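What follows is the residue order along each chain.
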Amino acid sequence: MKSPNKVLYLGEQQNMLEGDNVDEQVYEPNLDDVQDSDNDCAYEDHHVGCIRSTLGVIRCALTQPKETDDLRRSTIFHTYIKCGTKDCKVIIDSGSCINAVSISIVSRLGLKPTPHPNPYKVSWVDTSSIAINERCLVPIQFLSYEDDVWCDIVPMDMGHIILGCPSLFERDMTIFGPRDTCYVASEGFTELKYSGYQPHAYSWDDYPVLKDILKAVHEALPGSKFNSLLLNRYKSGSDYVAWHSDDEKLYGPTPEIASVSFGCEREFLLRKKPAKTPQAARGAEKSAGKRPKGSPSDQHGFVLRHGSLLVMRGYTQRDWVHSIPKRVKANSVRINLTFRLVPT
Ligand SMILES: O=C(O)CCC(=O)C(=O)O
Ligand SMILES: [Fe+2]
């Protein structure tokens, strides 16, 4: 195999290119880290069988699913997030094109409705329709990730959700995202766990071609040492990887990750993680004289072409999240190999 044709380094010392705007994506929480909370009993939602949390931000429970070859939706699941100080239940729906929040959550969380810039109507099962005239900014927090999301305010109860939601037809729900993955590791370093999931570890000896690519990567990056590999196969533009950072403890605080891409070119997006507290964020901006949260320097996009090598190192995983968003125009398979080192 020839050496990769392009190397892109992401790390503390490196200048990063200005990129495209960052698209919102589906977040994959590490379910192990989602804390149970029983301080929210007043908001019990018996209909969804949730004992401690309430039904919160709903993505597109009422719109029609997009047309795909497969009638089933590939990612629809529920999880928990923090909205302000409350734990809320959310439904994440990959086929959704709006973010919505129920009227009752808006009043329970004391959120401020504002007129919708583009009011619209959602048809209901009979000939009537529901007018969507207002929206509000919902503060959300998944683990260390915080954001404010504009959500359309929708009168939503269980009837709306069950009748509007395609999950009844699902057979194959997954929280790991719609792409195929495979983990390869040297003997003794097989204990990878991510998003609450422990993949089977294959041996390098089972895949001589992967050993050859590893050799080429070691040659392209003198001094680097990798002993494990996560392979992703994106079958089409609807396969993606959601915003995440590869900050699993087993890789250490400043992991070096070499990412080789083959096949269909796809965009790789990077977004700076928000500072832990608003005070810290303000302090950091002031002291560093930097642009405020959400500024273009906090977002970057790169096109990963066939044969490209991207290297993330330093505090990239601690300070940034990355994703491969869905792209309708990406109409062929892409294989991505991320080589990592599990220190001994
Ligand atoms: O497919 C890519 O380029 C990124 C994959 C990735 O971020 C991962 O496997 O952690
Ligand atoms: Fe990653």
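Just so it is clear, the model here is predicted, and its values are computed rather than measured. (Residues numbered from 1 in each chain as written. Chains lettered and ligands numbered in written order. Predicted model: local features only at pLDDT ≥ 70, side-chain atom pairs only at ≥ 80, totals over all residues. Heavy atoms only, no water.)

Undergrad: Where do I start with the overall build of the protein chain in this structure?
TA: For the protein chain, the count of helices and strands is 5 helices and 18 strands. A burial count over the protein chain gives 46% of its 344 residues as buried. Within the protein chain, residue pairs in contact and separated by at least 24 positions form 77% of the contacts whose partners lie at least 6 positions apart. Approximately 18,300 Å² of the protein chain is accessible, and the part contributed by carbon and sulfur atoms is 53%. (Helix = DSSP H or I, 4+ residues; strand = E, 2+ residues; numbered from the N terminus. Buried < 20%, exposed > 50% of the residue type's maximum accessible area, 1.4 Å probe, protein only. Contact = heavy atoms within 4.5 Å. Areas by Shrake-Rupley, 256 points an atom, 1.4 Å probe, with all protein chains shown as cover.)

Undergrad: Even after reading the chapter, I still don't get the site of ligand 1, so can you show me in this structure?
TA: As a matter of local geometry, ligand 1 sits amid N232, Y234, H244, D246, L304, H322, I324, R334, N336, T338 and R340. A distance of 3.1 Å is found between an oxygen atom of ligand 1 and a side-chain nitrogen or oxygen belonging to D246. In the complex, the protein chains occlude 97% of the 300 Å² of accessible area that ligand 1 would expose alone. When residues of the shell around ligand 1 are traced back to their parent elements, those giving at least two are strand 11 (228–234), strand 17 (320–324) and strand 18 (334–340). Counting residues per element, the shell around ligand 1 draws most heavily on strand 18, which supplies 4 residues. Tallied by class, the residues present in the shell around ligand 1 amount to 3 nonpolar, 5 polar and 3 charged. (Near = heavy atom within 4 Å. Polar contact = N/O pair within 3.5 Å; in protein donor to acceptor, adjacent residues only side chain to side chain. Nonpolar A, V, L, I, M, F, W, Y, C, P; charged D, E, K, R; others polar.)

Undergrad: Would you mind showing me how to read helix 3 (residues 208–220) here?
TA: Residues spaced three or four apart along an α-helix face the same direction, because each turn holds 3.6 residues. For helix 3, with 13 residues, the first-to-last C-alpha span of 19 Å sits near the 18 Å given by 1.5 Å per residue. Residues of helix 3 that are buried include every one of L210, I213, L214, A216 and V217, and no others. The buried residues of helix 3 occupy one face: seen down the axis, they fall within an arc of 160 degrees. Facing away from the buried side of helix 3 by over 90 degrees, the exposed positions are P208, K215 and E219. Contacts made by the buried residues of helix 3 are with strand 9 (180–185), strand 11, strand 13 (257–263) and strand 18. (Expected span 1.5 Å × (residues − 1). Arc of directions from axis to C-beta.)

Undergrad: Please explain the coordination of the iron ion (ligand 2) as it appears in this structure.
TA: A metal bound by six donors in octahedral fashion has ideal angles of 90 or 180 degrees, whereas one bound by four tetrahedral donors has an ideal angle of 109.5 degrees. Coordination of the iron ion (ligand 2) by the protein involves H244 (NE2), D246 (OD) and H322 (NE2), with metal-donor separations of 2.1 to 2.2 Å. Ordering the donors of the iron ion (ligand 2) by residue number gives the pattern H-x1-D-x75-H. (Donors = N, O, S within 2.8 Å, 3.2 Å for Na, K, Ca; no water.)

Undergrad: Help me understand the sheet that holds strand 15 (residues 299–304), please; the structure alone is not making it clear to me.
TA: The strands making up a sheet associate through hydrogen bonds between their backbones, and the pairing can be parallel or antiparallel. With antiparallel pairing, the 4 strands of this open sheet are ordered in space as 12-17-14-15. Here the strands that pair on one side only, and so sit at the sheet edges, are strand 12 (241–244) and strand 15. The sheet shows a mean angle of 15 degrees between the axes of neighbouring strands, direction not considered. When strand 12 meets strand 17, the two strands line up antiparallel, connected through 2 bridges. Paired with V241 across the two strands is I324, which belongs to strand 17. (Pairing = 2+ DSSP bridges. Axes fitted to C-alpha atoms, helices over the stretch in contact; angles between N-to-C directions.)

Undergrad: Would you mind showing me how to read the packing of aromatic side chains here?
TA: Using the criterion set out here, one finds 3 aromatic pairs in the structure. When the ring of Y202 is compared with that of Y207, the centres are 6.0 Å apart and the planes differ by 75 degrees; the resulting orientation is edge-to-face. Take Y202: its relative accessible area is 32%, and that puts it in the partly exposed class. The partly exposed category is assigned to Y207, whose relative accessible area is 30%. Here W204 and F339 contribute two aromatic rings whose centre-to-centre distance is 6.3 Å and whose plane-to-plane angle is 5 degrees, an arrangement assigned as stacked. You can see W204 sitting in the loop between strand 10 (201–202) and helix 3 and its partner F339 sitting in strand 18, a full 135 residues away along the chain. (Phe/Tyr/Trp six-rings, centres within 6.5 Å; stacked < 30°, edge-to-face > 60°.)

Undergrad: Sorry, what's going on with the side chain of R271 here?
TA: Position of R271 among the secondary structure elements: in strand 14 (residues 266–272). On the accessibility criterion, R271 (9% relative accessible area) is buried. Within the structure, R271 has its side chain in polar contact with the side chain of Y145 (distance 2.7 Å).

Undergrad: Is there a simple way to explain the environment of N133 in this structure?
TA: Here N133 is to be found in strand 7 (residues 129–142). Note on N133: relative accessible area 44%, which makes it partly exposed. Along the primary structure N133 and I153 are separated by 20 residues, whereas in three dimensions their C-alpha atoms are 7.6 Å apart. Setting aside residues no more than four positions away along its own chain, N133 makes contact with T114, P115, H116 and P119.

Undergrad: Even after reading the chapter, I still don't get the pattern of salt bridges, so can you show me in this structure?
TA: If you walk through the whole model with that rule in mind, you get 10 salt bridges. Across the salt bridge formed by E265 and R305, the nearest N and O atoms sit 3.2 Å from each other. One end of the pair, E265, is in the loop between strand 13 and strand 14; the other, R305, is in the loop between strand 15 and strand 16 (308–312), and 40 residues separate them in sequence. We classify E265 as partly exposed; its relative accessible area is 42%. (Salt bridge = Lys/Arg side-chain N within 4 Å of Asp/Glu carboxyl O.)

Undergrad: Mind showing me how you'd approach the confidence of the model for the protein chain here?
TA: The predicted coordinates should not be examined in detail at positions where pLDDT is low. Per-residue confidence for the protein chain averages 71 on the pLDDT scale, and 60% of its residues sit at or above 70. Low pLDDT (under 50) marks residues 1–6, which in the prediction has 13 contacts with non-local residues, meaning those over four places away or in another chain. Within the model, the stretch residues 11–65 combines pLDDT values under 50 with 156 contacts to residues more than four positions away or in other chains. (pLDDT = per-residue confidence, 0-100.)

Undergrad: It is not clear to me how the environment of E267 should be interpreted in this structure. Could you clarify?
TA: By the secondary structure assignment, E267 is in strand 14. Taking relative accessible area as the criterion, E267 reaches 14% and is therefore assigned buried. As a C-alpha pair, E267 and F302 span 35 residues in sequence and 5.6 Å in three-dimensional space. Among the polar contacts listed, one links the side chain of E267 to the side chain of R327, at a separation of 2.4 Å.

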